[in-house]
Amino acid sequence: MRPFLSTACAASALALTMLTAACGAGVGSTAPGDGQAAPVSKAPELGAGEKVSIVFESYNFGQAGAWTDTFNELIGAFHKAHPDITVTAQKPQGNSANPATDTISSLQSQMSVGKPPDVVQLGFSDLDFTVNQLKALPLDDLVGKDVVQKNFDGAKYPFAERARTLGDWNGKTYGVPFVFSTPMLYFNSALFEQAGLDPAKPPATWAEVAEAAKAIKEKTGKDGAYVDCLTKAAKDWCFQALVRSNGGRVISEDRTKLTFAEPQVTEVVTAMQAMVKDGAMPNRTQMQAVEAFARGDLGMILESSALQGTFAKGAGEKWKLGAAAMPGFEGKPAVPTNSGAALFVFAKEPAKQRAAWELITFLTSEQAYTTIATKIGYLPLRTGLVDDPAALKPWADANPYLKPNLEQLARMEPWVSMPGPNYLQIRDGMMEAVESAVFQGADPASTLTAKQGELAKLLPGGRG
Amino acid sequence: MDETAPVGERGGIARRAGGHIMLGLLGLLCVFPIYWLYATSLRAPQDVYELSVLPWPLSLDSYADAMAKNDVAGMLLNTAIVAVLSALGQLLIGLLAAYAFAAWRFPLQRPLYLLFVGTWLVPFQATMLPNYALLGQLGLLETLAGVIIPTLCSTLGVLLLREHLMSFPKELLDAARMDGRSAWGILWTVVVPTLRPVLAALGILLAITAWNEYFWPAMVLQRSNAVIQLGLRSFMGTEGNDWGPLMATAGLACLPVFALYLFLQRHIVNAFVRSGLK
């Protein structure tokens, strides 16, 4: 029995290894691309009465309440405007608590059975992978550059200038930026007052944040400030903002070399570590900090404006929420980045490709942004809408936190995605090093240098 | 000796009391997360982040919110259908396979049985994609049938029932055969009535497992949240978690399992003991 069982075990283990190896050799193993893919032929306009059905995958359908309801409403409105196009909406498949983290694996598994969704909402951190590995279709080829630009110009209100090119790769538009947020400094006005600080003058530099945080800690006993950009769970979007604000970069401009061990970056990590060591920043996880702030037990938090609704709900009548632009480093301008997602086309047939473009045009129209902003609270990328009394002016006037957020839109820089098929290991590895320095007291310079050397091997071609 | 006895007894009592206190504390530790779940679900929406142990004032708003945002009753019904059909299917297939392995002799019996055992060693994640592709070809994605069918054959069921059938007196089977009963007749009139406690225990265990299943439905049902475990996830997202309705839905998802436990406590404990699982 025993020898037979162990043989069976060994055979099963072997079979398993082969199976998992086969799973690993999926879509991602295509040759590393450089964005110079062969042009895709133009998708002709749909003929009169031509029936098409397409699938739209968005993580917004994974969330009950305003998200699903608003998107269903938009799809309904699209049906009315385009009765010949049927849209089936779906959320990414997968088992993560946050459906937004399942987008790429979901797309890959559907591609592996030859049925990718036609339109997909994907994050900017995945841009390189989306274009070069997953082969999202270049919209400039599909419908023509002039048509893509015309959509950005809009019927009345154009896209914010900096938002127009966020889904571009090598001069071609692959994704139409759809929803996003910028990092904001949210604060608890009640704790500010108790600590003798003026909520009308929130801190504008990190030195002021540290000082105010210490005052809050000393006078109220509550925690001071948390920067939700320094852990693996936070990903690297607003860490990049901190680094850019100090004149550094996490990767060179030509994207061939990791640069997160350069002095400008280690200075940022050292400054954040000092806040933890001085007791100005609590040593907490992302989730703990968000909840402590919503509960009123934390003075300030640098957080995505997407969480504003959670904070406003937590504050209720108990304490007053304040919001300010992201602070900068002494004498240098703050450089916010954006988190969020764009809409990409993966449809295979020309008719579906054209229908996919029609859906994207609709979802990024003035009408759709008005619905999305008022019902979900996302930033309208057609910023002019907030000055139009017939569109978003009443909503903007009732939303005191919108102004600093919109101002940041004008001077933000893109969230740079890491290159190659190992982009997630590179991004997560970098953030692990940052986390261990800031929250576990490791030496910033040596930790970042060691990690950079290790991760450089994962760049395409193993470049250092 | 007489003098030392009471001291020993006292020591015994103290030890026993210590043991009970320890067990009590461990019990509290186990129950506390469940208590916290219900406490959070009963807080008023604006108090959801409060850390007070006793929620006050009590509010059912989170339950109303959960019901308004999701079809919770429909989800519970769907989950019950999946759990019952999946458990019944596994019992039936397990019973037939175990009967064949235990009561019959046929070529390659042992290697075939070991192959069955071997499938237990292959993690679900390895078979997930082939199963998904097959369901896609059969057109069963996005259906409850797609959730149920790939779970129908359970190695645990075959293994457990075979072990029980192996200890089943062969004389009884021989006697029934001499009475002229068919193999099918023997299974249903002799074997099944004797195995009833085992089948009940295993059925409960399988139903609870299917009720709690999350990973596979999340793969198959991409366009709806038809089962309750997926409904739970719909309160988590990029914009933070909606703890009130999340906890309310989780509380409701636990109720049928608690009810089952309350009424069939003996069978459930039995099931865990028999399967060697904890």
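You'll find chain B entered in an unreviewed UniProt entry as ABC-type glycerol-3-phosphate transport system permease component, with Thermocatellispora tengchongensis given as the organism. Note on chain B: under the UniProt heading Subcellular location (unreviewed entry), the record states "Cell membrane". Under Sequence similarities (unreviewed entry), UniProt gives the following word-for-word description of chain B: "Belongs to the binding-protein-dependent transport system permease family."

Per an unreviewed UniProt entry, chain A is named Multiple sugar transport system substrate-binding protein, and its organism is Thermocatellispora tengchongensis.

*Asks:* Outline the sheet that holds strand 7 (residues 183-188) of chain A, listing residues and values.
*Replies:* Residues and elements named next belong to chain A. Pairing is mixed across the open sheet formed by four strands, whose spatial order is 8-9-7-10. The strands lining the two open edges of the sheet, one partner per strand, are strand 8 (223-227) and strand 10 (321-325). Strand after strand, the sheet turns through a mean of 20° between neighbouring axes, direction not considered. Note: strand 8 against strand 9 (residues 298-304), four bridges, orientation parallel. Bridge assignment links Tyr226 to a residue of strand 9, and that residue is Ile301. Running at roughly 125° to strand 9, helix 11 (residues 286-295) makes contact with strand 7, strand 8, strand 9 and strand 10 of the sheet.

*Asks:* Which residues make up the state of the cysteines, and what values go with them?
*Replies:* Taken as a whole and assessed by the stated rule, the structure comprises one disulfide over all chains. Free cysteine: Cys254(B), not disulfide-bonded; nearest cysteine sulfur from Cys30(B) at 14 Å.

*Asks:* A description of the pattern of salt bridges should follow, citing residues and the corresponding values.
*Replies:* All names here are of chain A. For the structure shown, the criterion picks out 29 salt bridges over all chains. In this structure, Arg255 engages Asp128 in a salt bridge whose closest nitrogen and oxygen atoms are separated by 2.9 Å. Taken together, the positions of Arg255 in the loop between helix 9 (237-245) and helix 10 (263-277) and Asp128 in helix 4 (residues 127-132) put the pair 127 residues apart, joining distant regions of the chain. Accessibility expressed as a relative area gives 18% for Arg255, which makes it buried. The partner of Asp428 in a salt bridge is Arg427, and the shortest N-O contact between them spans 3.4 Å. A single burial state applies to Asp428 and to Arg427, both of which are buried. The structure contains a network of salt bridges with shared partners spanning Lys232, Glu432, Lys451 and Glu454.

What counts, and where the lines are drawn
Residues numbered from 1 in each chain as written. Chains lettered and ligands numbered in written order. Predicted model: local features only at pLDDT ≥ 70, side-chain atom pairs only at ≥ 80, totals over all residues. Heavy atoms only, no water. UniProt positions renumbered as here; feature names shortened; annotations may be inferred. Pairing = 2+ DSSP bridges. Helix = DSSP H or I, 4+ residues; strand = E, 2+ residues; numbered from the N terminus. Axes fitted to C-alpha atoms, helices over the stretch in contact; angles between N-to-C directions. Contact = heavy atoms within 4.5 Å. Disulfide = S-S within 2.5 Å. Salt bridge = Lys/Arg side-chain N within 4 Å of Asp/Glu carboxyl O. Buried < 20%, exposed > 50% of the residue type's maximum accessible area, 1.4 Å probe, protein only.

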